[in-house]
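Each chain, written out:
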Amino acid sequence: MFSLGISVLSLARIQFAMTTIFHFFFVPFSIGMGFIVAVMETIYAIKKDEIYNKMARFWGKIFLLSFAVGIVTGLIQEFQFGMNWSNYSRFMGDIFGAPLAIEALLAFFLESTFVGVWMFTWDRFKPGIHAIFIWLTSIGTMLSAIWILTANSFMQHPTGFTINAKTHRVQMTSFSDIISNPQLWRVFPHLILGAFVLASFVIIGMSAWALIRKQKDTKFFKKSMYFSLWIGLVSSFGVVIAGDYQTQQIIQDQPMKFAATEGEYEDSGSPASWKIVASFDTKDHKVKHEISVPYMLSLLAYHKPEGGIKGMNTLNKELKQKFDHNKSKSIRDIKDYYLPTTTIFWSFRIMAGFGALFILVALVGIYFSRSKKFQIEKQRWFLYVLGLLMWAPIVANTCGWLITELGRYPWIVYGLYTIADAVSATTTAGELIFSNILYFLLFAILGGVMIYYCRQTMHKGLAAVEGPDATEQTAKTADPFSKEAFN
Amino acid sequence: MTALQFLWFILICVLFSGFFFLEGFDFGVGMAAGIIARNDEEKSTMLEIIGPHWVANETWLVTAGGAMFASFPLWYASLFSGYYIMFLLVLAGLILRGVSFEFVEHAETHRARNLWYIVFVVGSLLAPLMLCIIFFSMIQGIPINAKGDAHLAFFDIINWLSIVGGIAGVLLSLIHGLNYTRLTTTGVLRERARNLNKILYPILFVGEVVVALLVIFQTDFFQKKPISSTIIILLIVLMSLMGAWGTWKDHEGWSLAGSGLSLVSVVILIFNGLFPRVMIANNPANDLLVANSSSSPMALGIMTIVVCVLLPIVLAYFIWSYTLFTKRMASNGKVND
């Protein structure tokens, strides 16, 4: 039984990782795409330039695909806290439930109602009015991000609570402290801008593939690409600045997370150098090989060429001292506070490296687009770069969350409650294996079909929004049976 | 029990009622698409009549779940972890059904479209069936320990009441969906929906009587609350009678209201029987109560303010979105059919 108990925990963790990572492919996709489509439709409403109408309709189709998969995979999140992490739900319900319920009431109703209205009323409202519906949907997706981040930020940096002496559960003492959590307002801009990066580079990449295929609608895809390059450039700059702003908070709240991100086992001393690449001996807690840039870590952490950070070995001792006499036995039982350093270290470098690449590529792309002589559809090498790069923001977004969530280990609520305590007591390993397999198969199907249909839409080009569909619609309305029926 | 706790128990009941009324016909239309729609155009019509609304309707379930987590975390934790596999299947149904709306739009070949229609029908059946089994199993008393963990054996979940209740719930959803189809389409679909309901209603009444008898014997509803339980059961039957009357007399609005309110009455029967408990344990000492499984007064208070501010606004645009799509849709079936 005992060995089963351990595997239940790891199976539940695998499930959480799998379901949230898969869900989070589509969250930033939908947030970013909704926003960009809303901008496109607004420009159409103002300028009455038909190409923006086509852009809004075409990319709107891609948005809807992502939105659908995002919604259904989001349902899992709503249920899985109760299913797999029932002890966590009991412990955290007082804090965690409220943001979730507010998210549903404030954000989900808004986005789900207006996405339906938007989808089915293209021909019934003036463009200016119709654009309001996609704006409301887009605002809904962003509000939803705020509330789920409220819940997550509490897990990273608990504020506005007390531990009830009788029930040993978290109890809310200040709602305003919970929603003014510094983690929340530092992670939110990073997340939203990351979503814009993802969506803009998906549009750029899909347009690039369409241009590579030399299909029709060259003008349309070029326009879409140039339009999104600007959004991509601004948001890639923004996401780096926002990431730096967020890091300042992490250095204070979760120094262990930051030390792992930088792979610092020993105190760095001042000024600190920054490891570009490194390999670690995670058993003996030391760095094996490294290539580093002097001063760089001090610059990154404190924006000046001096100052050091504490290493993981020091922090581990400090944390042990702090929690060794905790009332809870499972907290006393924590052996050490080391994090999966290699994963966190490389996740950060992949994320940051792609971040720099996005800025560079967007700059080059915009430079090309300004030149009269330069025809981007002829520069196949650059189109391939753009085409491949559309997958990178998805990887970068995932890496960001890996750092955030793995950096919480061994806590589910930082300093208060361990992951090991949080898992459901009733769930069996068999049930979890079954559900993991089922989710995996569903995700494989959903992801595969979604990519297939996105690709198919891209291949069809504008025909997907005006070609056979439009003729079909005329045929429908011309049908006398139909006409009579619509009375 | 405080007034706030009572209020939130009622609110959870209201949210589930709203969900079953609204998503009830979505599920029903989904199942009906597998029965009365015979060609591509008819099936696509069935999808289109619920197309603009289904996501918002499903949000009622998401909100009910979120509200349950926020107001009664111990209930949420015990229920969802106890009925693990069942909720997994609910999710599988909702996921498959949800994406099929979008995927079928993109499918090019007849075979691919057919596949998504089948997925749509199966998902629409699976989700309500599992939810109804959960509810009818939950009210019979289940093994819950002092920590609130529900260790359920197979027969705690699958038994006479839960099976008959599950099937009756699905049947009622199907009838509800057919009533919605009658109200929102013209031509053959409207015709077939009415004809099918004329067959289904007699079966439903038999089902309702059997469920009522099983509720009497398998639960403590009639020992603890004989009067209110009787009244609500009569209400269920009465509302179904109204739906049937509307079917035979061609009053489609009344039919839809009747079948929807039957579903709502079932939810009320369950919540009325549960009260003042939220989960019934075999050992009454381990019952989860409204009084002892809720969040703190502060959390409940803040949630109450949020609901008072937001719910009227949400309801206003939610209802407005329905007023946009009041025209009947043609079945587009073959004229000679």
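Going by the annotation in an unreviewed UniProt entry, the name recorded for chain B is Cytochrome d ubiquinol oxidase subunit II, with Bombilactobacillus thymidiniphilus given as the source organism. Per UniProt, the comment on chain B under Subcellular location (unreviewed entry) is "Cell membrane". UniProt, in the comment section headed Sequence similarities (unreviewed entry), describes chain B in these words: "Belongs to the cytochrome ubiquinol oxidase subunit 2 family."

Chain A appears in an unreviewed UniProt entry as Cytochrome ubiquinol oxidase subunit I from Bombilactobacillus thymidiniphilus. What UniProt states about chain A under its Sequence similarities (unreviewed entry) heading is, verbatim, "Belongs to the cytochrome ubiquinol oxidase subunit 1 family." Its UniProt record gives chain A a comment under Subcellular location (unreviewed entry), which states: "Cell membrane".

With reference to specific residues and values, describe the overall build of chain B.
Counting secondary structure elements, chain B contains 13 helices and 4 strands. For chain B, the spread of C-alpha atoms along the principal axes amounts to about 65 × 40 × 35 Å. The 337 residues of chain B split such that 66% are buried. Taking the contacts inside chain B whose residues are at least 6 apart along the sequence as the reference set, 80% of them involve residues at least 24 apart. A total of about 12100 Å² of accessible surface is found on chain B, and carbon and sulfur atoms cover 73% of it.

Tell me about unusual backbone geometry, and name the residues and values.
Residues and elements named next belong to chain A. A cis geometry characterises the amide bond from Tyr409 onward to Pro410, with omega recorded as -5°. Residue position: Pro410 is located in the loop between helix H14 (392-406) and strand E5 (411-413). One non-glycine residue, Lys48, lies in the positive phi region at around 55°. With respect to the helices and strands, Lys48 occurs in the loop between helix H1 (2-47) and helix H2 (50-84). Here Lys48 falls in the exposed class, since its relative accessible area comes to 55%.

About the thresholds
Residues numbered from 1 in each chain as written. Chains lettered and ligands numbered in written order. Predicted model: local features only at pLDDT ≥ 70, side-chain atom pairs only at ≥ 80, totals over all residues. Heavy atoms only, no water. UniProt positions renumbered as here; feature names shortened; annotations may be inferred. Helix = DSSP H or I, 4+ residues; strand = E, 2+ residues; numbered from the N terminus. Buried < 20%, exposed > 50% of the residue type's maximum accessible area, 1.4 Å probe, protein only. Contact = heavy atoms within 4.5 Å. Areas by Shrake-Rupley, 256 points an atom, 1.4 Å probe, with all protein chains shown as cover.

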